[in-house]
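# Overview (structure and organization)
One letter stands for each residue in the lines below.
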Amino acid sequence: MKKAAAAVVLLAAVFLAAEGLVKVGVFDTFVADVQAEGGTAEEDRKEERIAQIDTSVPVQAGSRIAVVSKSVAGEFWDLIRQGMEEAVEDINTAYGFTSEDKLTMTFEGPDDELNVEEQVNTLDAVIAENPAVLCLSASDMDSLQAQLEAAAENDIPVIAFDSNVSENQLVTAFRATDNEYVGELAGEKMAEALGEKGTVLVFSAQEKTESAQKRVSGFREALSEFPEIEIADIIYMDQVDDMKSAMQEAMETYTDVTGVFCTNADTSDLYLELEKAEEPPVFIGVDATSSQQEAVRSGDELGIVSQDPWDIGYQTILAAVQVTDPHDEGGESLEKTVLLEPAWIDSSNIDDPQYSNYIYK
């Protein structure tokens, strides 16, 4: 299993001058327990976050951060947005910004991750409004070249989050989960559950999304260590007319399947709705949605490789705020890439408070 380097990502640390890749471990991120329902504990965590913000770092007052997400619907994206909104609030409090000096944020995108055309149109409109910073999660890593070039021409820095683009030189920074490791971890758990032999199906998010590509790649790489495990087929959401029907057909075609891996929340939730054999395959999903939490508790799902969307959102805004500084041209003092490590969630830890940020509500 790949080990992530320990790194505490506080706002001050994000602002330090450095280059290259930062990888963040499961409990090394600076986050709040977003599952807590108010009360003194949550207030204390918020005060702690604000106290650790280095207000000596220049931030352009009154900046507007425009977020164009892959989707605005679903538990994962709701938590991304919550992390972003709390980051904006914390920074305004730490710097004492009020009234017109406050940083503001907009959050837009399609309701469906597959709707690339709507995301492109939204990007065109947002860039025309000339925000201080653009934060982008790309549905199609190859379809936004013109928009990225337009942002560059208008001196709008771009912070990619969750899913990157092919033309990485047009992006100032990237904040996401280590998606290659998401696939690797799922592959390792699958091989262990199958006794290192069997036949597996993969149901994936759209093939043109960077995060999906890396998860499938990591899964295949992990299973390549086990010659008696075969991947029967990989089915992508953007390659079929109806994903649920395609999944059901695959299950009926490959009757010897002993394992199923779904690469994101949408495919995982769809799989749980399928009619299954009396002895269904071992199932591993991604992103601990409410449906998957129930499936783990009932034994219908072995486990979930889950992300911390709140922290992805929070770290994205920290990066965006830094590039509002007019004296930090091109975000030269900003870490280019920060990857957060996912967590394995199963019946042994699903109710453990230490993993609450990986359980979606």
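None of the values given here were measured: they were computed from a predicted structure.

## Description of the overall build of the chain
- Helix and strand counts for the chain come out as 11 helices and 13 strands.
- Relative to its full complement of 361 residues, the chain shows a buried share of 56%.
- Sequence-distant contacts in the chain: of pairs separated by 6 or more residues, those separated by 24 or more amount to 72%.
- Just so you have it, the chain exposes about 15,300 Å², and 44% of that area is on carbon and sulfur atoms.

## Observations concerning the sheet that holds strand β11 (residues 303-306)
- The 6 strands lie next to each other as β8-β7-β9-β10-β11-β13, forming an open sheet whose pairing is mixed. Of all strands in the sheet, those bounded by a partner on one side alone are β8 (229-236) and β13 (343-345). Strand-to-strand twist in this sheet, taken as the mean axis angle between neighbours without regard to direction, amounts to 20 degrees.
- Note: β11 against β13, 3 bridges, orientation antiparallel. Opposite Ile304, over in β13, you have Ile345 as the bridge partner.
- Contacting β7 (198-204), β8, β9 (259-262) and β10 (282-286), helix α7 (residues 210-223) crosses the sheet at an angle of about 170 degrees to β8.
- Helix α8 (residues 243-253) rests against β7, β8 and β9 of the sheet, and its axis sits at about 175 degrees to β7.

## A word on the pairing of strand β6 (residues 173-177)
- Most of β6 is tucked away: 5 of the 5 residues are buried.
- Pairing geometry for strand β5 (residues 158-161) and β6, over 3 bridges, is parallel. By the bridge assignment, Ile159 is partnered in β6 with Ala173.

## Considerations on helix α9 (residues 265-272)
- Taken as a whole, α9 has its buried residues at Ala265, Thr267, Ser268, Leu270 and Tyr271.
- Check the buried side of α9 and you find it contacts β7, α8, β9, β10 and α10 (290-298).

## Re the pattern of salt bridges
- Scanning all chains against the criterion turns up 9 salt bridges.
- Here Asp90 ties to Lys46 by a salt bridge, and the two come within 2.7 Å at their closest N and O atoms. You can see Asp90 sitting in helix α3 (residues 75-95) and its partner Lys46 sitting in helix α2 (residues 39-51), a full 44 residues away along the chain.
- Between Glu273 and Lys244 there is a salt bridge, and its shortest N-O distance comes to 3.0 Å. In this pair, Glu273 is assigned in the loop between α9 and β10 and Lys244 in helix α8, connecting sequence segments 29 residues apart.
- Overlapping salt bridges bring together Lys46, Arg49, Glu86, Glu89 and Asp90 as one network.

## What to know about the packing of aromatic side chains
- Evaluated as defined, the whole model comprises 7 aromatic pairs.
- When the centroid spacing of 6.2 Å and the interplanar angle of 50 degrees are considered together, the rings of Phe76 and Tyr360 count as tilted. Taken together, the residues span a long stretch of sequence, with Phe76 in helix α3 and Tyr360 in the segment after β13 at a distance of 284 residues.
- Taking relative accessible area as the criterion, Tyr360 reaches 0% and is therefore assigned buried.
- Grouped by ring-pair contacts, the aromatic residues Phe76, Trp77 and Tyr360 constitute a single cluster.

## Some words on the side chain of Lys70
- Summarising the element assignment, Lys70 is placed in the loop between β2 (64-68) and α3.
- A distance of 3.0 Å separates the side chain of Lys70 from the side chain of Asp162, its partner in a polar contact.

## Here we look at the nonpolar core
- Membership of the largest hydrophobic core comes to 34 residues, with the highest contact counts inside it found for Val67, Ile80, Met84, Ile91, Ile159, Phe161 and Ile317.
- Those elements that place two or more of their residues in this core are β2, α3, β3 (104-108), β4 (133-136), β5 and α11 (309-322).
- Contacts of Ile80, omitting those with residues within four sequence positions, involve Phe107, Phe161, Pro309, Ile312 and Gly313.
- Tyr181, Ala186, Met190 and Phe261 belong to the second-largest nonpolar core, a separate cluster that totals 21 residues.

Conventions adopted
Residues numbered from 1 in each chain as written. Predicted model: local features only at pLDDT ≥ 70, side-chain atom pairs only at ≥ 80, totals over all residues. Heavy atoms only, no water. Helix = DSSP H or I, 4+ residues; strand = E, 2+ residues; numbered from the N terminus. Buried < 20%, exposed > 50% of the residue type's maximum accessible area, 1.4 Å probe, protein only. Contact = heavy atoms within 4.5 Å. Areas by Shrake-Rupley, 256 points an atom, 1.4 Å probe, with all protein chains shown as cover. Pairing = 2+ DSSP bridges. Axes fitted to C-alpha atoms, helices over the stretch in contact; angles between N-to-C directions. Salt bridge = Lys/Arg side-chain N within 4 Å of Asp/Glu carboxyl O. Phe/Tyr/Trp six-rings, centres within 6.5 Å; stacked < 30°, edge-to-face > 60°. Polar contact = N/O pair within 3.5 Å; in protein donor to acceptor, adjacent residues only side chain to side chain. Core = buried A, V, L, I, M, F, W, Y, C linked by side-chain atoms within 4.5 Å.

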